[in-house]
Amino acid sequence: MDLLEAILALLRALLKAVTEKSDDALLDRAYGCFGFLGLVTMSFGIAALLSHFGLMNFDEGSNGFGWTLVGGMLLGPPLLVGMLVASVWGIVLTVKFWRHLALVVLSVVSIVCGGGLLTVIAIEWDVYPGSSTLTPAMDIAGGLYIAANVFIPAWWFIKGRRRNRSEALAQE
């Protein structure tokens, strides 16, 4: 019985840690949301670069036996839903922690570069199919979006978190 009680106590402690609603945990989740966005979009960017330089071929009929289509169908919808949820939750938490300048920057970059990029792509393809008049601006916005959503959360988890906790302890 002692082993069973110890396991149950460990599970209760783990559940408490997972469902913790402290400010530190919520800040970690906010930066984690934006980090998820950065990592997912970075993988798309790396795939586009590999395809551009001929190191990887994403054409349907090219020795892949349709695996590109299958992978896109299996991974695409869950990733898009996850990105939408992470964007919304990250922005909601930014509103709660509006004094954290890095979160505000991440939200602005996500809204302007992410949403603006999607809007420009939709307008470009609808009005001027096949044209690329805004390609340099779209590339810059996409690169800025990826860089901000990778490097700022990385800074938070490497350095900013400790600094935030030490400042909070100094105020007490």
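You'll find the structure just up there.
Described below are features of the structure shown in this document. (Residues numbered from 1 in each chain as written. Predicted model: local features only at pLDDT ≥ 70, side-chain atom pairs only at ≥ 80, totals over all residues. Heavy atoms only, no water.)

## Let's talk about the overall build of the protein chain
For the protein chain, the count of helices and strands is five helices and zero strands. Listing each helix as α and each strand as β along the protein chain from the N terminus yields α-α-α-α-α. The buried share of the protein chain, taken over its 172 residues, is 26%. A fraction of 75% describes how many contacts in the protein chain between residues 6 or more apart in sequence connect residues 24 or more apart. With the model as given, the accessible surface of the protein chain reaches about 12,100 Å², and the carbon-plus-sulfur share is 73%. (Helix = DSSP H or I, 4+ residues; strand = E, 2+ residues; numbered from the N terminus. Buried < 20%, exposed > 50% of the residue type's maximum accessible area, 1.4 Å probe, protein only. Contact = heavy atoms within 4.5 Å. Areas by Shrake-Rupley, 256 points an atom, 1.4 Å probe, with all protein chains shown as cover.)

## Section: the side chain of T94
Mapping T94 onto the fold places it in helix α3 (residues 67-96). With relative accessibility at 6%, the residue T94 sits in the buried group. Of the polar contacts made by the side chain of T94, one reaches the backbone oxygen of G90; its length is 2.7 Å. Ignoring sequence-local partners within four residues, the contact set of T94 consists of F34, L103, V104 and S107. (Polar contact = N/O pair within 3.5 Å; in protein donor to acceptor, adjacent residues only side chain to side chain.)

## Considering the nonpolar core
Among the nonpolar cores identified, the biggest contains 22 residues, and L27, Y31, L37, L103, L106 and I152 are the most heavily contacted of them. Listed by contribution, the elements that provide at least two residues to this core are α2 (23-52), α3, α4 (101-127) and α5 (135-171). Of the residues forming this core, the biggest block, eight residues, is contributed by α2. (Core = buried A, V, L, I, M, F, W, Y, C linked by side-chain atoms within 4.5 Å.)

## Digging into α2
Over its 30 residues, α2 extends 43 Å from the first C-alpha to the last, a length consistent with the 44 Å expected when each residue adds 1.5 Å. The first or second residue beyond α2 is G54, which carries a positive phi of 75 degrees. (Expected span 1.5 Å × (residues − 1).)

## With respect to the side chain of S107
With respect to the secondary-structure elements, S107 resides in helix α4. With relative accessibility at 7%, the residue S107 sits in the buried group. Looking at S107, its side chain comes within polar contact range of the side chain of T94, at 2.9 Å.

None of the figures reported here should be taken as evidence of function without further support.
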